[in-house]
Amino acid sequence: MATLFVAVVLIGFVPDSLGKLSAVRLGQRPPFPAILHVHAVLMGSWLLLLLAQTLLMATGRRGPHKQLGMISFALAPALVIAGFLLIPTMHRQMADAILHAPASVAAQLKPIYEFMLNIMLVQMRIGILFAALIGLALWARTWDAGLHKRLMILGTSAALPAATDRMLWLPSTLPDSPLTADLWPLAVIAPMFLWDLYRLRKVHRAYLIYLAALLVLAVPTHLLWGTSAWRAIALGILGIEGI
């Protein structure tokens, strides 16, 4: 599963990132803010840590697994903080572009910005779900190894919409609905769920915790998506006026 996560992220981000870097070089978009690079490094480090940890346990090296796992107590909070700093940074960059661009360019950017405001719901959900599940997973490490290892993977899967939404060749409900932002990550974790179901002959409680947390956050995401109420809330959170 950890290898699959790395593959999904690379497939989603590499073509998209190369296209955006080319646009930066051609002067078609502003350079990426520093916090974006920080977030990318932290997310890549987290995926590599997950891969290393699963390999260590799969090969019976519990001691190195416990020692290396201490990194997660610093890396996970840093990743959440960077994510929540990245959201307003990217939104303000786009808002500045709209406010200072020629009228014809601003008109082209405004629909993109409206979509970004909706995507902010998914971004916030990712941060909250990741923090909650990884926090619970780290807490469970000393008393329930089965819950710990599953929640570490499920918590990481919370960030997968950022990759699957960039795979434009996948069927998508965006920008009208965030439904596929929910469904494609579920498809990615399905092999683990089905294998567990086959081995255990029951649904492990980690999946119930994951599903409950996901639903609690997904329902308001769908209810607020595309509404004028959310637009006003989001602009208020970001401190942006005049858009």
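Description of the structure in this document. What you see is a predicted model, and the numbers here were worked out from it, not measured in a lab. (Residues numbered from 1 in each chain as written. Predicted model: local features only at pLDDT ≥ 70, side-chain atom pairs only at ≥ 80, totals over all residues. Heavy atoms only, no water.)

1. Concerning a nonpolar patch on the surface
Taken together, Leu10, Val14, Leu18 and Leu21 make up a surface patch of nonpolar side chains, about 340 Å² in accessible area. By secondary structure assignment, the location of Val14 is in helix 1 (residues 2–25). (Patch = residues over 30% accessible without salt bridge, like charges linked within 9 Å, V, L, I, M, F, W, Y side chains within 5 Å. Areas by Shrake-Rupley, 256 points an atom, 1.4 Å probe, with all protein chains shown as cover. Salt bridge = Lys/Arg side-chain N within 4 Å of Asp/Glu carboxyl O. Helix = DSSP H or I, 4+ residues; strand = E, 2+ residues; numbered from the N terminus.)

2. Examining the packing of aromatic side chains
The tally for this structure, following the rule as stated, stands at four aromatic pairs. Ring centres of Trp46 and Phe130 lie 5.4 Å apart, and the angle between their planes is 70°; this geometry places the pair in the edge-to-face category. Of this pair, Trp46 sits in helix 2 (residues 34–58) while Phe130 sits in helix 5 (residues 103–140); the two residues are 84 residues apart in sequence, bridging distant segments of the chain. Classification of Trp46 as buried rests on a relative accessible area of 1%. Look at Phe130 and you get buried, because its relative accessible area is 4%. An angle of 85° between the planes, with centres 5.1 Å apart, marks the rings of Phe193 and Tyr207 as edge-to-face. Of this pair, Phe193 sits in helix 8 (residues 179–200) while Tyr207 sits in helix 9 (residues 205–224), and the two are 14 residues apart along the sequence. (Phe/Tyr/Trp six-rings, centres within 6.5 Å; stacked < 30°, edge-to-face > 60°. Buried < 20%, exposed > 50% of the residue type's maximum accessible area, 1.4 Å probe, protein only.)

3. Some thoughts on the pattern of salt bridges
Applying the stated rule across the entire model yields seven salt bridges. For Arg125, the salt bridge goes to Asp182, with nearest N and O atoms at 2.7 Å. With Arg125 in helix 5 and Asp182 in helix 8, the pair connects residues that are 57 residues apart, well separated along the chain. Judged by relative accessible area, Arg125 falls into the buried class, the value being 5%.

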